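As a plain string of letters, each chain reads:
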Amino acid sequence: MATVDAILAAKYPGKAHARRVAQALQAQGDAGAIYLEAQKTRMMEDSDEAMHFRQRRPFFYLTGCPEPDASMVYDVKADELTLFIPPIDPDSVIWSGLPLSLEEAAKLYDVDHVQYTTDVNATLAKIGSSQGGKTVAFGIDEQVSEGVKFDGFARTNLSVLKKVIGDARVVKDTYEIALLRKANDISAKGHIAVFKAARTAKNEREVEAAWMNTLIANGCPDQSYHPIFAGGANGATLHYVKNDEFLVDQVTKQRKGNLLIDAGGEYRTYCADITRVVPLTGKFPTETRQIYEIVLQMQAECIGMLKEGVRWDDVHAHAHRVAIKGLVKLGILRGDENELFEKRVSVAFFPHGLGHYLGMDTHDTGGYPNYEDTDKMFRYLRVRGILPAGSVITVEPGIYFCRFIIDPVLNSPELGKYIDATVLERYWSVGGVRIEDNVHVTKDGHDNLTTAPKAIEEVESLAQ
């Protein structure tokens, strides 16, 4: 079996992706050409500095090219992919050096031809006329520059291409899985660095610095998303992003119990998304350990369910049943487990969805969530329906102790009886426990791409 680095030594399979997209487009009309543009160089307001560049995902998916201000045309009938890069600007060479040449681009990317962007209209007109003016040119609305012309085509369609590419991106090929595995491997090193730094760090900023240093040093200068480093009760905020509070209580001078880390590196446009919890004293407090064991069980059973054709809604529901069983055992919840499930009491402790598709975006395309769902257990589930083989999904169960969410249930005449407030009082300091892995769904099972430690003994050992 080829190693990750051996797979990634080849070119990103942009043309194979173009063929897949073109085949899907035939249902929308006789596809003649696909036209896409890279993200433009954008300047900061009131500054001569460019904004941080993030490549448009549809463009990268069909080219593997990270260059700004480029464009591409795929001639569907001829099966030819042409990349267009900006011509040399002599004024910019003084400051930035020579840009990528036509010859260099041809060696780097999975394309048939490389030309300058000044040739786009002539190329489109040639393709359109060669097909007798009877085919459709596809692009993305508001991502076609003024002056681009689709001469020779029967019509243009700017409304469906983005969705078709989004659906195609759900099923990953071998190269994409290797990119995701690489992002996970580097991110695992970052999480381990945080585990080791957490024991002595005085502020959330310090552990974020350990993370950033490790990611940049290992080839992930970009983050999949703004990382979360939440000490103690801050872990109850799902998307906590301040990362600047003390890890020592400023009144008692005691270290907070644990640190929730939700962080992933982006490697060549592909994302990792990993969550771990580490004790700040080297050993998990009793209450945190109890909740951690429940969440670990939730995740293990849900990952065990994954294979082609499984219904994600069912996996999510199973996570709630495991959470209910564990919380009843601890005495936080009371009553019949089926009744607790039907009353949706566990949503107060596990309010988000079990996971989402992962790829070039952290919350990747093709999930079709229903945020208008009246069933609060499924309202924030980012993927609905059947999982196909080749998809990559995060499995991230969690249990949280957030007063804003739990207090209304406690005070409810109907639901308050299901929670023992006296037992609950001991768990507020836990904040939240979430454990998240990135899992490749296969025909007969699954492949966990995430290697960051999560077993309690291993995490505690690293934290000591």
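Here the structure is a predicted model, which means the values were calculated and not measured. (Residues numbered from 1 in each chain as written. Predicted model: local features only at pLDDT ≥ 70, side-chain atom pairs only at ≥ 80, totals over all residues. Heavy atoms only, no water.)

(A) Looking closely at the overall build of the protein. Scanning the protein from terminus to terminus reveals 15 helices and 17 strands. For a compact globule of 464 residues, the expected C-alpha radius of gyration is about 23 Å, and the protein comes in at 25 Å, within 12% of that figure. Overall size of the protein, expressed as C-alpha extent along the three principal axes, is 75 × 50 × 50 Å. When burial is assessed residue by residue, the protein has 53% of its 464 residues classed as buried. By element, 52% of the accessible surface of the protein is carried by carbon and sulfur atoms, the whole surface being about 20500 Å². The distance from the centre of the 52 positive side-chain charges to the centre of the 64 negative ones in the protein is 4 Å. (Helix = DSSP H or I, 4+ residues; strand = E, 2+ residues; numbered from the N terminus. Rg over C-alpha atoms; globule rule 2.2 N^0.38 Å. Buried < 20%, exposed > 50% of the residue type's maximum accessible area, 1.4 Å probe, protein only. Areas by Shrake-Rupley, 256 points an atom, 1.4 Å probe, with all protein chains shown as cover. Lys, Arg positive; Asp, Glu negative; His and termini not counted. Charge placed at Lys NZ, Arg CZ, Asp CG, Glu CD.)

(B) Just unusual backbone geometry, in detail. With a phi close to 55°, Asp-79 is a non-glycine residue in the positive phi region. Its place among the elements puts Asp-79 in the loop between β2 (71–75) and β3 (80–85). Of the residues examined, Asp-79 reaches a relative accessible area of 25% and is grouped as partly exposed. With phi around 70°, Glu-142 is a residue other than glycine that occupies positive phi space. You can see Glu-142 is positioned in the loop between β5 (136–138) and β6 (155–157). On the accessibility criterion, Glu-142 (72% relative accessible area) is exposed.

(C) The arrangement of the UniProt feature "domain: Aminopeptidase P N-terminal" (unreviewed entry) in the protein in detail. Per the UniProt record, "domain: Aminopeptidase P N-terminal" (unreviewed entry) is annotated on residues 12–145. In residues 12–145, the share of helix is 33% and the share of strand is 19%. The end C-alpha atoms are 26 Å apart. (UniProt positions renumbered as here; feature names shortened; annotations may be inferred.)

(D) Region of interest: the sheet that holds strand β4 (residues 113–116). Strands sit in the order β4-β3-β2-β1-β5-β6 across an open sheet of six strands; the sheet is mixed. A strand with exactly one partner marks an edge of an open sheet, and here the two such strands are β4 and β6. Across this sheet, the average inter-strand angle for adjacent strands is 20°, counted without regard to direction. Here strand β1 (residues 31–37) runs beside β5; their pairing, made up of three bridges, is parallel. Each residue of the ladder has a partner; that of Ala-33, found in β5, is Ala-137. (Pairing = 2+ DSSP bridges. Axes fitted to C-alpha atoms, helices over the stretch in contact; angles between N-to-C directions.)

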